[in-house]
Amino acid sequence: MKRIALAALTVLALGISLMTTAFAQSKGTVYYLVPTLLDEFQTGSVSALEMFLKQTGYEMKTLNADNKTDAQQSQMNDVIALKPSAIILAAVDFNALKPSIEAARAAGIPVVEFDRQITSTQSDFTSVAGTIEIGYVAAEQAEKLLKAKNGDVKGKVLQVLGDPGDPYTLDIQKGFEEKMKAFPGVKIISVPAMQWEASNAGTIVSDQMLANPDIDLIFSHAAHLSVAAVASLEAAGKKPGDVMLMSSNGAPVGLDLIRKGWLNVEVEQPLYAQAAAVAIFMDKIAKKEEIKPGEYDVLGLKGVVTKEAWGPNIKIPGAAITKENVDDPAFWGNQKAPTAQVKSVE
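As the structure is a computational prediction, the values presented were derived from the model and not from experiment.

Next up on the list: helix H6 (residues 167–180). In this model, H6 (14 residues) spans 20 Å end to end at C-alpha, consistent with the 20 Å of a helix rising 1.5 Å per residue. Buried within H6 are the following residues: Pro167, Tyr168, Thr169, Asp171, Ile172, Gln173, Gly175, Phe176 and Met180. Residues of H6 that are buried sit in contact with helix H5 (131–150), strand E6 (155–161), strand E7 (186–192), strand E8 (217–220) and strand E9 (244–247).

Structure, rendered in structure tokens:
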């Protein structure tokens, strides 16, 4: 009996020791306020952030705002009361969330902007794709496509934006249109798909193809919008190749459309690297230590940290995906998570 009791005590002690070790390894809880889970980039961002933060010692909890600004404002208030190690915010509306960011920081809680840059107030860190640069890459691809079709860089482009409350789409539009100004023979029609709803994009494409049947190229600012565009084109009797298409986030559905011959180019938004950047800097963010400007290797990509008026900001480059490289496992749309472990920046 004594041996059984001693064994039980040993197991209990071992269990307590393991629990203590497990708790000791956790550096705290980080809340991620995701704007929506309607598209694969947003669902992918949840799993990527959770995976990389766990590697650097943090637990993560996610709250979904369902694309509702008031819901996200309420979530911010609730999370501030919980005093987490940090808040990661992908804002539904970058103007409306400014007071909530300021309230969190006033309460001593660091705020990280993920994917959706907010420049109107200070944050502790911002991790974004080079969105204006994504616009540049898209413009370069559009030049090639239009020249191949029309013999010169000329024609009509329908640009289907996301929600105008999201700086991601506004920056892509800025970069795309800035580069396309060099080609006066190109007419760009820009229409926003409110709340990033695919159905809105489908309606835009249907209406514009009736009003402008000579559209050469449709450029949607997310792959799930291109899915709706394809559905509208099919309903109008179009076949792959009749109208050229591009998207700009690299989601699995976009890669599938490339393989099916509908989509010519998908400009990737480097989801894994954006999420990894948050994780490798989280120690410094949580401890409110200085994040030095410079170049940092993030999953093999060159991330550039700059010190901006709104705080330290890292940009990660994107890349053009075509039928020639669509199966490259480095693209997040192929859903093969990186095997490399990330480490905190010292």
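Before going further, it helps to spend a moment on the pattern of salt bridges. All chains considered together, the criterion is met by 11 salt bridges. The shortest N-O distance in the salt bridge between lysine 307 and glutamate 290 comes to 3.8 Å. A residue pair is termed long-range when its members are at least 10 positions apart, and lysine 307 in strand E12 (residues 301–308) and glutamate 290 in the loop between helix H10 (271–287) and strand E11 (294–298) qualify at 17 residues. The structure contains a network of salt bridges with shared partners spanning Asp256, Arg259 and Asp327.

Running from N to C, helix H7 (residues 198–211) and helix H8 (residues 223–235) cross one another at 40 degrees; their axes reach a closest spacing of 8 Å. Taken as axis vectors, H7 and H8 run oblique relative to one another. Of the two elements, H7 crosses H8, and the hand of that crossing is right-handed. Each of Ala198, Ala201, Gly202, Val205, Ser206 and Met209 in H7 lies in contact with H8, whose residues at this interface are His224, Leu225, Ala228, Ala229, Ser232 and Leu233. Here the contact of H7 with H8 is composed, by residue class, of eight nonpolar, four polar and no charged.

Counted as a void, the largest pocket has a volume near 280 Å³. Lining of the largest pocket is provided by 20 residues; of these, Tyr272, Leu299, Leu301, Ala330 and Phe331 occupy positions nearest its centre. Per-element tally for the lining of the largest pocket: the top contributor is H10, with three residues. Of the residues in the lining of the largest pocket, the class split is 14 nonpolar, three polar and three charged.

About the criteria used
- Residues numbered from 1 in each chain as written.
- Predicted model: local features only at pLDDT ≥ 70, side-chain atom pairs only at ≥ 80, totals over all residues.
- Heavy atoms only, no water.
- Helix = DSSP H or I, 4+ residues; strand = E, 2+ residues; numbered from the N terminus.
- Expected span 1.5 Å × (residues − 1).
- Buried < 20%, exposed > 50% of the residue type's maximum accessible area, 1.4 Å probe, protein only.
- Contact = heavy atoms within 4.5 Å.
- Salt bridge = Lys/Arg side-chain N within 4 Å of Asp/Glu carboxyl O.
- Axes fitted to C-alpha atoms, helices over the stretch in contact; angles between N-to-C directions.
- Parallel < 35°, antiparallel > 145°, perpendicular 65-115°, else oblique.
- Left-handed = near helix turned anticlockwise from the far one by under 90°.
- Nonpolar A, V, L, I, M, F, W, Y, C, P; charged D, E, K, R; others polar.
- 1 Å grid on protein atoms, 1.4 Å probe; cavity = no way out; pocket = protein on both sides within 12 Å on 5 of 7 lines; lining within 4 Å.
- Points joined across faces, edges and corners; volume = space filled by probe spheres on them.

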